[in-house]
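Letter by letter, the chains look like this.
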Amino acid sequence: SPALARGRPAPADFSGVWTNITATPIERPKGLASPTLDAAGEAAFLKAYWKANAEADADVVGGGESEWWERGAAMLHIDGKARTSMIIAPADGRLPWSPKGRSVLAEGFANNFDDPERRPLNEQCLGGNPSRTPMMPHRSNSLYRFLQTRDHLVIWSESGREPRLIRIGGAHTAARLHNWIGDSVAHWEGRTLVVDTVDFNPREAVRWPYEVVVGPEAHVTERLTRLNATEILYQFTVDDPVDYTQPWSGELIFNATKGPIYEYACHEANYSLPGILAGARRMEAAAGRAASRSAPNGG
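Residues numbered from 1 in each chain as written. Predicted model: local features only at pLDDT ≥ 70, side-chain atom pairs only at ≥ 80, totals over all residues. Heavy atoms only, no water.

Chemist: Describe the sheet that holds strand 4 (residues 81–83), with residues and values.
Modeler: The sheet built from three strands is open, its strands ordered 2-4-3 with antiparallel pairing. The sheet is open, and its two borders are formed by strand 2 (36–37) and strand 3 (77–78), each paired with just one other strand. In this sheet, strand 4 lies alongside strand 2 in antiparallel orientation, the contact comprising two bridges. Looking at the pairing, Thr-36 lines up with Arg-83 of strand 4. (Pairing = 2+ DSSP bridges. Helix = DSSP H or I, 4+ residues; strand = E, 2+ residues; numbered from the N terminus.)

Next up, the structure:
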């Protein structure tokens, strides 16, 4: 190729179907001091991991835990060692929250049943695309299809409703459009694709199902490096001075898989949201009747 003839490496091709599911948590558990584990430590971690999952999954048929979540069967391995967290910086493997970030997180996970606009976006069939940056395992249908052309990398996640288009070359859009997945442009550094993303939608700040915030003022840098035929090293740094006290970084491996990727369709006509709100009203009415019966003289 012309690139090879001039002595420069040809760009890597990331096209294919990949998964980044893992048993390694985003934050290092407080009982673990080391960023890596030996074989015995990994076995002990996975034993506790499956025990905790079995307890969490002991719900009724149709409950979210036992029928919904996709569990990673193995820990994340990079450089031949099992990682205890996706986060590699800060060194303790924990998110460096600011007071504002904790407030945003608490608000995002608050169970508000009064205002449909304050319900999670996935219940409104909006946003929630796992291909948004940083691309962490979604815990359900954690498959990604990468399609690469000369000037774009397109990422379609199985749990998403729209693709993420990354422009290779060029500059960020001048207008602040607040796309659900931000504004991403990329450039090559050797065989590593470096992706720069800004202009996030403020309603997408809380990254359910993870307790992570990426606010509208954040700047995220991703690095994708094709290690071999079956692995992509994925590195990212989140610089969000509002929600964190310092930038934080993580690493994951995307592993090749056969797929296939199935259609992800949000509930037709959004029937679930009215049901959620109506159920809350029924519960409130029942609580009111119980309070009335227990009041002196029946209220």
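Following the structure, the description resumes.
Chemist: Now, about the packing of aromatic side chains: what can you tell me, with residues and values included?
Modeler: Overall, the coordinates contain eleven aromatic pairs when judged by the stated rule. On the basis of an interplanar angle of 55 degrees and a centroid distance of 5.6 Å, the ring pair of Phe-146 and Phe-254 is categorised as tilted. Highlighted residues: Phe-146 in strand 6 (residues 143–148) and Phe-254 in strand 13 (residues 248–256), separated in sequence by 108 residues. When its relative accessible area of 1% is taken as the criterion, Phe-146 is described as buried. When the centroid spacing of 5.8 Å and the interplanar angle of 85 degrees are considered together, the rings of Phe-236 and Trp-248 count as edge-to-face. Of this pair, Phe-236 sits in strand 12 (residues 231–239) while Trp-248 sits in strand 13, and the two are twelve residues apart along the sequence. Classification of Phe-236 by relative accessible area gives buried; the value is 2%. Since its relative accessible area comes to 0%, Trp-248 is described here as buried. Feature note: the residues Trp-18, Trp-97, Tyr-144, Phe-146, Tyr-234, Phe-236, Tyr-244, Trp-248 and Phe-254 constitute an aromatic cluster, connected by ring pairs. (Phe/Tyr/Trp six-rings, centres within 6.5 Å; stacked < 30°, edge-to-face > 60°. Buried < 20%, exposed > 50% of the residue type's maximum accessible area, 1.4 Å probe, protein only.)

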